Amino acid sequence: MTSAGLQNTDPKPAMAEGSRDVRLKARKSVKGDAIMCDLSEQDHNVFLAISFGKIHRVAASLPEVDNINMRNHDMQTLLIHATHSTSGNLCSQLVRMLIQANSDINVQDVYGRTALMYACADRHNDDAVRHLIRQPSCDPNLVDCEGNTALMFAVAADAVTAVHILLKHRKVRHKLNVNIANSKGLTALDMAISLKSEECCKVLVDQAGHKITTINDEEGLSALLGTNGMASESSV
């Protein structure tokens, strides 16, 4: 991004690289809550099976897993690991399988990221996004260590379909807060403008314009969509 406070940074939400204190604090908190367990060889192999896309091996192993929300060294559960390390139909199948095994949808890893955030960060994972947000407990407004929401991850990946799903799906559209700003002071629309993502801007304005309270770069938005189009779609 270049125009709204993210100069010289990767346009995608930062991985909290270098935030060692944040990661150590997260690990300590998780251990204190007795959520993380020492992985047995069998548990470790389930994570590996996901990494290598061995879906049948995962399916065969899940009945033997004592804690479906066990964590690896990055505080990722099996569900988070699936959305982080796989893509497309494989990711969709794993997500559906792990949800059926009662995985906690809203668990956050050492970077504060949820399975939904990782799914939204991959343009091939729209189906996984749908599976996740269909769950009544799914919270689309959780933020990672940098203050980024799932919607922001979708915008950063130019995952237009995922943006549309989050804004329109009946399970989350009334819960979604489009005005959350990250640690750089950017909302999802601000990010879309900075990235010059015309499609993401259009979807956000068309579907959430009446909910948007502030825009950091109105001129930039007008340049992308046209002044008349913006005025007709949003009351901001």
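Please read all numbers here as calculations on a predicted model, not as lab measurements.

(A) Expanded view of helix H12 (residues 218–225). Where H12 is concerned, the buried positions are Gly220, Leu221 and Leu224. What you see down the axis of H12 is that its buried residues fit within an arc of 100°, all on one side. Within H12, the exposed residues directed more than 90 degrees away from the buried face are Glu218, Glu219 and Ala223. Looking at the residues trailing H12, positive phi occurs at Gly226, about 95°.

(B) Layout of a positive patch on the surface. There is a patch of like positive charges on the surface, built from Arg134, Lys168, Arg170, Lys171, Arg173, Lys175 and Lys211. Locating Arg173 in the fold gives a position in the loop between helix H9 (160–168) and helix H10 (188–194). The exposure class of Arg173 is partly exposed, given its relative accessible area of 31%.

(C) Layout of the packing of helix H11 (residues 198–208) against H12. The interhelical angle for the contact between H11 and H12, taken along N-to-C directions, is 105°, at an axis separation of 10 Å. Relative to H12, the element H11 lies roughly perpendicular. For the pair H11 and H12, contact is made by Glu198, Cys201, Lys202 and Val205 and by Leu221, Leu224 and Leu225, respectively. Grouping the amino acids of the contact of H11 with H12 by side-chain chemistry returns 5 nonpolar, no polar and 2 charged.

(D) Layout of unusual backbone geometry. Phi angles above zero are rare outside glycine, and Asn102 is one such case at about 70°. Within the element layout of this structure, Asn102 appears in the loop between helix H5 (88–100) and helix H6 (115–120). Of the residues examined, Asn102 reaches a relative accessible area of 61% and is grouped as exposed. Phi at Lys196 takes a positive value of approximately 55°, unusual for a residue other than glycine. For Lys196, the position within the fold is in the loop between H10 and H11.

Rules used throughout
- Every chain begins its residue count from 1, and numbering advances along the sequence as written.
- In keeping with the model being predicted, local features are shown solely for residues with a pLDDT of at least 70 and side-chain atom pairs are shown and tallied solely at 80 or more, while totals for entire chains, interfaces and linings include all residues.
- Just so you know, side-chain values use all the structure's heavy atoms and leave hydrogens and water out.
- Think of it in three bands: with a 1.4 Å probe and only protein chains considered, a residue is buried below 20% of the maximum accessible area for its type, exposed above 50%, and partly exposed in between.
- Secondary structure elements are taken from DSSP: a helix is a run of H or I of four residues or more, a strand is a run of E of two residues or more, and numbering for both begins at the N terminus.
- Our arc is simply the arc of the directions from the helix axis toward the C-beta atoms.
- What makes a patch is a set of residues exposed beyond 30% relative accessible area and free of salt bridges, joined within 9 Å when like-charged and within 5 Å when nonpolar (Val, Leu, Ile, Met, Phe, Trp, Tyr).
- For every accessible area listed, the method is Shrake-Rupley and the probe measures 1.4 Å; residues are considered covered only by the protein chains on display.
- Between Lys or Arg on one side and Asp or Glu on the other, a salt bridge is scored when a side-chain nitrogen of the former is within 4 Å of a carboxyl oxygen of the latter.
- Residues scored as charged are limited to Lys and Arg (positive) and Asp and Glu (negative), so that His and the chain ends carry no count.
- Here the site of a charge means NZ on Lys, CZ on Arg, CG on Asp, or CD on Glu.
- Axes, fitted as lines to C-alpha atoms, cover a helix only where it is in contact. Angles between the N-to-C directions of the axes lie from 0 to 180 degrees.
- By definition in this entry, angles of less than 35 degrees are roughly parallel, angles greater than 145 are roughly antiparallel, angles of 65 to 115 are roughly perpendicular, and the rest are oblique.
- Contact definition: two residues touch when any of their heavy atoms are within 4.5 Å.
- Throughout this entry, Asp, Glu, Lys and Arg are counted as charged residues, while Ala, Val, Leu, Ile, Met, Phe, Trp, Tyr, Cys and Pro are counted as nonpolar. The remaining residues, Gly among them, count as polar.

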